[in-house]
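Examination of the molecular architecture
Residue strings, one per chain:
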12 protein chains.
Amino acid sequence: MRILILNGPSLNLLGQRETDVYGKLSFEDYLDELIADFTEFEISYFQSNIEGEIIDKLQTANLEFNAIILNAGAYSHTSIAIADAIKAIDTPVIEVHISNIMAREDFRHVSYLAPNCTGSIIGFGLESYRLALLHFR
Amino acid sequence: MRILILNGPSLNLLGQRETDVYGKLSFEDYLDELIADFTEFEISYFQSNIEGEIIDKLQTANLEFNAIILNAGAYSHTSIAIADAIKAIDTPVIEVHISNIMAREDFRHVSYLAPNCTGSIIGFGLESYRLALLHFR
Amino acid sequence: MRILILNGPSLNLLGQRETDVYGKLSFEDYLDELIADFTEFEISYFQSNIEGEIIDKLQTANLEFNAIILNAGAYSHTSIAIADAIKAIDTPVIEVHISNIMAREDFRHVSYLAPNCTGSIIGFGLESYRLALLHFR
Amino acid sequence: MRILILNGPSLNLLGQRETDVYGKLSFEDYLDELIADFTEFEISYFQSNIEGEIIDKLQTANLEFNAIILNAGAYSHTSIAIADAIKAIDTPVIEVHISNIMAREDFRHVSYLAPNCTGSIIGFGLESYRLALLHFR
Amino acid sequence: MRILILNGPSLNLLGQRETDVYGKLSFEDYLDELIADFTEFEISYFQSNIEGEIIDKLQTANLEFNAIILNAGAYSHTSIAIADAIKAIDTPVIEVHISNIMAREDFRHVSYLAPNCTGSIIGFGLESYRLALLHFR
Amino acid sequence: MRILILNGPSLNLLGQRETDVYGKLSFEDYLDELIADFTEFEISYFQSNIEGEIIDKLQTANLEFNAIILNAGAYSHTSIAIADAIKAIDTPVIEVHISNIMAREDFRHVSYLAPNCTGSIIGFGLESYRLALLHFR
Amino acid sequence: MRILILNGPSLNLLGQRETDVYGKLSFEDYLDELIADFTEFEISYFQSNIEGEIIDKLQTANLEFNAIILNAGAYSHTSIAIADAIKAIDTPVIEVHISNIMAREDFRHVSYLAPNCTGSIIGFGLESYRLALLHFR
Amino acid sequence: MRILILNGPSLNLLGQRETDVYGKLSFEDYLDELIADFTEFEISYFQSNIEGEIIDKLQTANLEFNAIILNAGAYSHTSIAIADAIKAIDTPVIEVHISNIMAREDFRHVSYLAPNCTGSIIGFGLESYRLALLHFR
Amino acid sequence: MRILILNGPSLNLLGQRETDVYGKLSFEDYLDELIADFTEFEISYFQSNIEGEIIDKLQTANLEFNAIILNAGAYSHTSIAIADAIKAIDTPVIEVHISNIMAREDFRHVSYLAPNCTGSIIGFGLESYRLALLHFR
Amino acid sequence: MRILILNGPSLNLLGQRETDVYGKLSFEDYLDELIADFTEFEISYFQSNIEGEIIDKLQTANLEFNAIILNAGAYSHTSIAIADAIKAIDTPVIEVHISNIMAREDFRHVSYLAPNCTGSIIGFGLESYRLALLHFR
Amino acid sequence: MRILILNGPSLNLLGQRETDVYGKLSFEDYLDELIADFTEFEISYFQSNIEGEIIDKLQTANLEFNAIILNAGAYSHTSIAIADAIKAIDTPVIEVHISNIMAREDFRHVSYLAPNCTGSIIGFGLESYRLALLHFR
Amino acid sequence: MRILILNGPSLNLLGQRETDVYGKLSFEDYLDELIADFTEFEISYFQSNIEGEIIDKLQTANLEFNAIILNAGAYSHTSIAIADAIKAIDTPVIEVHISNIMAREDFRHVSYLAPNCTGSIIGFGLESYRLALLHFR
């Protein structure tokens, strides 16, 4: 089973920025842990700060992956275009968020993506990704 | 580790009502599966249709359990009182929802509880509970 | 044909409180009149001030009654949980209101219950109940 | 007792249009049934697609009828002018709706007319008219 | 100078309906007083309950009158079409209201017509019309 | 193929009023051009300032025409009744607007009619009608 | 009969500022005209840029004047305190505005004062004051 | 004089939960102080987490007490049903809040109860109850 | 202990204006009673209709008084500037209102001042001031 | 005459995704038809999922094309930046939409682009593009 | 070149109040620095807590100064009257704020003054004034 | 000191587009002036129409520059992602706008970026950039 982890804007700074909110581990280091733990999956990773590149990847992933774990970061709250792309593909998408977006600013309480995703896992720190993978185990 | 699963209004009808939205399995049957799968946990279960009884249970659970998995159903969207009760206790609470509440009516997009919970797992059907338990494994 | 009349908060004070709005007859006295007039029906009556007990009753009534006439009082305007319970059962529910809620405060113009009921009868005083019963004659 | 049934826009198409929502009976055929059932009343009927003609009729009906059963259709949700006309006359007006307007689009949840009517009967199909007549029996 | 007084819905009931709000004088009687007082003007009068007939009259009045005094009643608060008609003609239009619409229901605080009129005179009872005429003396 | 062009309030003033917004050609003159250009269609024309007459025409047109090109003018933004009439008939309706309503006042950005029409053509001046006819060529 | 004309902020600049909106005549010059025309009245004038001084004047005017003509300028749209002062006194107050406030920015469409005034005269330029005086002739 | 102190959800946790907001004293200990200080009153105490039980108590208190001091906690912001119960009884009710609800989340700024209470005392910590009692001394 | 009672706009009319809402006692007479009852305090009094003078007084009071009891009247609902002044000083401020502002117009339900005050006492008539003083006894 | 057809996010999936909404034809195949039908035009095509690349193309197209037919897809509802780019160039832009966006979710009813375009053609399926081309014939 | 620095409510407390937000320097001391640094300008200073005195000063400054640097404090968010005064004068006005008002409460995000000012400089502490002066160097 | 000037969408068209709003100077020419005037700084320049590239640049700039002057154009009003990127880096960012965004469309009054920036300089034309540079002198 091939699974894509797809990260949006500024998630490449994980472990560096706002460590009180997002933790001190870089995503690359965490990814190594996940790959070691889920040897039954073939896990790929892609990150972009560009909304349209996330759409590009969702489209091509449709042919190559069995599932997508998506943390679109701030674009979750503003991008109808990514929401449409999720709806347009067959591969199931799970939305994850590291922080508890419901406990932050009002504009983070809306997710355009959620209605088109299988489900959402919010607020468990980096472990949100692990729970998403466990869904497929 | 002692874990309480706490269900709110009409979740006792699971498997009977609106099976297209909530599935055909009764919660009791599903609970048996969970107990069998998570033998390392001591899992208790409580359901009530009464908002205040859910608050009562949250308060007493505080002394007896290490974690609470809460599906407050429709009260999630209207009950500041339950939200306050979650905040008032020390035991961590995980919010779960069976259906993808973000893909349903507007009034289900708001959760008063979410900001006071550790995290939220939404839309995976009954498996939302399993993912919550996996968080503690 | 078995019919349940189900009354919500403070309707037990009928005939005592705010008689300019709700009239001077107690519901029990009025119920006697209805029972006398509709001898072809087996009419039961239940009142509770507790939102969750109304849900409990809706659930058990599902097995015992052919129809429910519901005046949920103030809960009509705030309770998604009762609305869900109405949707979850098969017995048809008719919403009645004694006063013309559309001519009162803004917050009484919304009914969460109405979309899940067969229909609504509003503003005919206690006669709203009689019109609901006539629907089943 | 003289009773006017007053219908608003597109209700002349009843039985032809959107039969899944409004049923297959024409209003004229249904009216014959009502007249046969309520021989104690002298029932008249008027329909217009023109907002101002409904107001004209309400004004003249004031002198000629003891009661008015009004289904103003879509004008219920937009016409302050009809609401004012109801308030300006002495004859009591009952608002009826065939469909459950509370279960349809948001803009149908508002009725400018309701506050000025005796009461409202909503969602019983054509039987809404019969219940209104029963109010006067 | 030829002046048209143009009245909207239910203003033909003046002196009969809601006399606490609108006074006991019929408009026809009041009109006689105005004609007697303003002999330098040729004053015409037209009333209709039909929005479109008010528009028709505004269009034809454009050729025949030097000024229009318009009380569009409830249509003031809902009719973009009348507002457009006022804008489309050259004859100046003064908006009058008998009652103080700002002291009544919220939905009467908006006037679509006002921005396209020369000015508005509100709340002086029938004398609002006299003040409008005085503007042209 | 029989096509009805149906115009709403104040469109009879085209070429006279607000020529900076709507142009200087009268609709009748423009209609002659259209009839000359689309000889394969039998084109009829109806204009009314009265909302209900537009509804009347939509209903009768349903039996007589294969398509309707509707510019309901200001009623587009306020009339649920016309929207319902469009939905109630089988003949396809195309909404046209001469001016770019999205570049004007906020209250012109809403069209109740659009959801029930085949499509909308907005802002091409009188050529909006021609484009609508081309849809049927 | 003693009448106070009471002007609010920046109306002392009349004739100097924004002459396209407010005209080129200073209020003092215009006042002289009014005094000459209404010799039967004893007309006083007070202007202040300070909200509280307008309230002071309304309170003392209550003892000294038979009527007040008030143009509170921008305070009309923000001052509940002036509205309360008008309500607290017995002397009738007429609200006037020089410009057509309904044709300007949205925040000028609300008047806190209007509900507590006898009536409002809006948009006739300086002649708004004259019409207000004519009301007392 | 018999006075009931009636507390709503989670106020039984006073002195234990969120002591930075609510202080460290349990309500029972504080109650002892009050009873000692106000020997001229017969003070009773009731607490419930259940909205409907608060309504029950308000109804029965009506017969037994001369005054009620009510802290309905989170239900203050959501319960029309409790507001109705206060209105339905004759015993005067004073609303108290321990914390300054106006300085907390937006959803705590609304109180459905306040309009039906004699008055409100907000933000004085537990001393809010003492001030309420002093009102009756 | 030196305490300032600081009153806002139109409170100098107490006992004269709207006596059904505010009572018939002048504030000066009431003040004499308070001074007699609270001989342990040195009570000063200041009233102004001018928003900025209330701010001036709050600033100077900061040096001279131990506590301030503030009824800012209508400015409570509009003045961020007074709210800032309260925040800027060290002397604790208690907000009082004579009438139950929550039972009046919507625009009186908001208080900009409340979040910066120690607490609020609302609706006890003039006794609201006494309760505030009792807080300091 | 050189014309650019410019497509936004996910329109490269046309014919594959959500064929019930968007049809089964790929845009490339449809483009071939258009080119064959409009031999008098030199038609170019560009598609991007990236908002900023659409802006880039609008800027360079300004020098190279006589007209642009733009379907910005989901960006139509969120992109002020594209709207600004349309306004910044001289080449006229026509907005097209395949589906009837007014009959879909609320967030698709807003188009930031429309006010800056010549006109909009909405809901005719792929034929929306053809109608846009016909505008230039 | 003569420049007026005009400060609004509570800015006289600078250096004393909320020093974490506004810094510890008094404005007078800071002013001395500015005067020393900008010897080419004749800098005057005026502060008032009274909205109307700020308007008075803007009006008289119009005759005496070449530029005004205005920090209206809390009045920036509520005063249409000051905004009008800025518009009414010819002297250019620059709006400055010490704190980053966009990072504070929602009600500080609106500035009625900004649209009528040359520009705004926000959030640089007292240096906001210096930057404004540099604009004129 | 190394300073990055970072410009967003369509600012590459400066001097060409909407010269009445943005002026006639190209940014490159203006940049030359700035570099000549601020020889003590090493000034770099980057412009992109792509939201994500602005985020990329903010991230890399964090390592290379001491300060960033950002004009994100239209993205200021829609991009939470850029706001997050500003918050995630240590280099201070100053927001500048050429035009007075507060005097333009409503949707330009919101800046997601402002709360995370040091300060904002708005409306001084290209001189906004110079003032920002002066902040660092």
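Residues numbered from 1 in each chain as written. Chains lettered and ligands numbered in written order. Predicted model: local features only at pLDDT ≥ 70, side-chain atom pairs only at ≥ 80, totals over all residues. Heavy atoms only, no water.

Side note on the overall build of chain A
If you tally the helices and strands in chain A, you get five helices and five strands. Along chain A, helices and strands appear, N-terminal first, in the series β-α-α-β-α-β-α-β-β-α. At 14 Å, chain A has a C-alpha radius of gyration in line with the 14 Å of a compact globule built from 137 residues. Overall, chain A is about 35 × 35 × 25 Å in size when its C-alpha atoms are taken along their principal axes. Looking at chain A residue by residue over its 137 residues, the buried ones come to 63%. Considering only contacts within chain A whose residues lie at least 6 apart along the sequence, 78% involve residues at least 24 apart. By element, 47% of the accessible surface of chain A is carried by carbon and sulfur atoms, the whole surface being about 4,600 Å². (Helix = DSSP H or I, 4+ residues; strand = E, 2+ residues; numbered from the N terminus. Rg over C-alpha atoms; globule rule 2.2 N^0.38 Å. Buried < 20%, exposed > 50% of the residue type's maximum accessible area, 1.4 Å probe, protein only. Contact = heavy atoms within 4.5 Å. Areas by Shrake-Rupley, 256 points an atom, 1.4 Å probe, with all protein chains shown as cover.)

Considering unusual backbone geometry
The phi torsion at S10 of chain C lies on the positive side, around 70°, for a residue other than glycine. Structurally, the position occupied by S10 of chain C is in the loop between β1 (2-7) and α1 (19-22).

With respect to the sheet that holds strand β4 (residues 93-97) of chain L
Ordered in space as β2(K)-β1(K)-β3(K)-β4(K)-β5(K)-β5(L)-β4(L)-β3(L)-β1(L)-β2(L), the 10 strands form an open sheet in which the pairing is mixed. With partners counted over all chains shown, the strands left at the sheet margins are β2 (42-47) of chain K together with β2 (42-47) of chain L, one partner each. Pairwise comparison of adjacent strand axes, ignoring direction, gives a mean angle of 20° for this sheet. Both β4 of chain L and strand β5 (residues 119-122) of chain L contribute to a ladder of four bridges, which runs parallel. Paired with H97 of chain L across the two strands is I122 of chain L, which belongs to β5 of chain L. Contacting β1 (2-7), β2, β3 (67-71) and β4 of chain L, helix α3 (residues 51-64) of chain L runs over the sheet at an angle of about 175° to β1 of chain L. (Pairing = 2+ DSSP bridges. Axes fitted to C-alpha atoms, helices over the stretch in contact; angles between N-to-C directions.)

Things to note about the relation of the copies chain B and chain A
In the superposition of chain B on chain A (RMSD 0.0 Å, axial shift 0.0 Å), the rotation amounts to 180°. Put plainly, the chains are arranged around a two-fold axis. For chain B, the smallest separation between a C-alpha atom and the rotation axis is recorded for I121 of chain B, amounting to 2.3 Å. Here 100% of the contact residues of chain B are again contact residues in chain A; the copies associate through an equivalent surface. (Least-squares fit on C-alpha atoms with pLDDT ≥ 70 in both.)

A word on the interface of chain B and chain A
The parts lose accessible area when they come together, and the size of an interface is often stated as this lost area. Every contact between the two is made by 17 residues of chain B and, on the other side, 17 residues of chain A. Summed over both partners, the interface of chain B with chain A comes to about 1,500 Å²; 67% of that surface belongs to carbon and sulfur atoms. Interface area lost by chain B to chain A is led by M102, F124 and L131 of chain B, which between them contribute 33%. Scanning the region where chain B abuts chain A turns up zero salt bridges. Summed over the shared surface of chain B and chain A, the number is six residue pairs in polar contact (both at pLDDT 80 or more). Those elements that place two or more of their residues in the side of chain B that touches chain A are β5 (119-122) and α5 (127-136) of chain B. A per-element tally of the side of chain B that touches chain A places β5 of chain B first, with four residues. Relative to β5 of chain B, strand β5 (residues 119-122) of chain A is paired through three bridges, and the arrangement is antiparallel. Note that in β5 of chain B the partner of I122 of chain A across the bridge is S120 of chain B. (Buried area = accessible area lost by both parts, 1.4 Å probe. Salt bridge = Lys/Arg side-chain N within 4 Å of Asp/Glu carboxyl O. Polar contact = N/O pair within 3.5 Å; in protein donor to acceptor, adjacent residues only side chain to side chain.)

What about the relation of the copies chain J and chain A?
Rotating chain J by 120° and translating it 0.0 Å along the rotation axis places it on chain A, where the RMSD comes to 0.0 Å. The superposition of one copy onto the other is thereby described by a three-fold rotation axis. Taken together, the interface assignments show that only 20% of the residues at the interface of chain J recur at the interface of chain A, consistent with different surfaces on the two copies.

Observations regarding the packing of helix α5 (residues 127-136) of chain K against helix α5 (residues 127-136) of chain L
Running from N to C, α5 of chain K and α5 of chain L cross one another at 125°; their axes reach a closest spacing of 10 Å. Judged on the interaxial angle alone, α5 of chain L and α5 of chain K are oblique. You can see that α5 of chain K and α5 of chain L cross each other, and the crossing is right-handed. Where α5 of chain K approaches α5 of chain L, its residues L131, L134 and H135 of chain K are matched on the opposing element by L131, L134 and H135 of chain L. (Parallel < 35°, antiparallel > 145°, perpendicular 65-115°, else oblique. Left-handed = near helix turned anticlockwise from the far one by under 90°.)

Looking at the sheet that holds strand β1 (residues 2-7) of chain I
One open sheet accounts for 10 strands, arranged β2(H)-β1(H)-β3(H)-β4(H)-β5(H)-β5(I)-β4(I)-β3(I)-β1(I)-β2(I); its pairing is mixed. Edge positions in the open sheet fall to β2 (42-47) of chain H together with β2 (42-47) of chain I, since each of these has one partner strand only. Looking at each pair of strands side by side, their axes are set apart by 20° on average, direction ignored. Relative to strand β3 (residues 67-71) of chain H, strand β1 (residues 2-7) of chain H is paired through five bridges, and the arrangement is parallel. What sits directly across from I5 of chain H, in β3 of chain H, is I69 of chain H. Relative to β1 of chain H, helix α3 (residues 51-64) of chain H is tilted by about 175°, and along the sheet it contacts β1, β2, β3 and β4 (93-97) of chain H. Relative to the sheet, helix α5 (residues 127-136) of chain I contacts β5 (119-122) of chain H together with β1, β2, β3 (67-71), β4 (93-97) and β5 (119-122) of chain I, its axis offset from that of β4 of chain I by approximately 155°.

Things to note about the interface of chain J and chain A
With 15 residues of chain J at the interface, the matching set in chain A holds 15 residues. Together chain J and chain A conceal approximately 1,300 Å² of surface at their shared face, both sides included; 56% is due to carbon and sulfur atoms. On the surface where chain J and chain A come into contact, there are one salt bridge. For the salt bridge of D84 of chain A with R108 of chain J, the shortest nitrogen-to-oxygen distance reads 2.8 Å.

Focus on the packing of aromatic side chains
Per the stated rule, a full pass over the model turns up 72 aromatic pairs over all chains. Through a chain of ring-to-ring contacts, three or more aromatic side chains come together here, namely F27, Y30, Y45 and Y129 of chain A. The ring of F65 of chain I carries R2 of chain I above its face, with NZ or CZ at 4.9 Å from the centroid. (Phe/Tyr/Trp six-rings, centres within 6.5 Å; stacked < 30°, edge-to-face > 60°. Lys NZ or Arg CZ within 6 Å of the ring centre and 35° of its normal.)

Focus: helix α5 (residues 127-136) of chain A
The buried fraction of α5 of chain A is high, at eight of 10 residues. When we look at burial in α5 of chain A, the residues that qualify are S128, Y129, R130, L131, A132, L133, L134 and F136 of chain A.

Considering helix α2 (residues 27-37) of chain L
Residue and element names in this part refer to chain L. Residues of α2 that are buried include every one of F27, Y30, L31 and L34, and no others. In an axial view of α2, the angular spread of the buried residues amounts to 105°, which keeps them on one side of the axis. Elements in contact with the buried residues of α2: β1, β2 and α5. (Arc of directions from axis to C-beta.)

Notes on the pairing of β4 of chain H
Consecutive side chains of a regular strand alternate in pointing toward one face of the sheet and then the other. Residue and element names in this part refer to chain H. In terms of burial, β4 is a largely internal element, five of the five residues being buried. In β4, alternate side chains face the same way, and those of V93, E95 and H97 on one face and I94 and V96 on the other are all buried. Across three bridges, β3 lies against β4 in parallel orientation. Residue pairing across strands places I69 opposite I94, the latter belonging to β4. Running through helix α4 (residues 80-88), the crossover from β3 to the neighbouring parallel element β4 is right-handed. (Right-handed = clockwise from strand over helix to strand, strands pointing away.)

Quick look at the pattern of salt bridges
Taken as a whole and judged by the stated rule, the model has 84 salt bridges over all chains. For the salt bridge of R137 of chain G with E40 of chain G, the shortest nitrogen-to-oxygen distance reads 2.9 Å. Separated by 97 residues along the polypeptide, R137 of chain G in the segment after α5 (127-136) and E40 of chain G in the loop between α2 (27-37) and β2 (42-47) bring together distant segments of the chain. Between E33 of chain H and R130 of chain H there is a salt bridge, with the nearest N and O atoms lying 3.9 Å from each other. Taken as a pair, E33 of chain H in helix α2 (residues 27-37) and R130 of chain H in helix α5 (residues 127-136) lie far apart in primary sequence, 97 residues in all. If you follow the salt bridges from partner to partner, you end up with E33, D37, E127 and R130 of chain A in one network.

Quick notes on the environment of I3 of chain J
Residues and elements named next belong to chain J. Among the secondary structure elements, I3 is positioned in strand β1 (residues 2-7). The buried category is assigned to I3, whose relative accessible area is 0%. With 63 residues separating them in the primary sequence, I3 and N66 have C-alpha atoms 5.9 Å apart. Apart from the residues within four sequence positions on either side, I3 is in contact with F41, E42, I43, S44, F65, A67, I69, L133 and F136.

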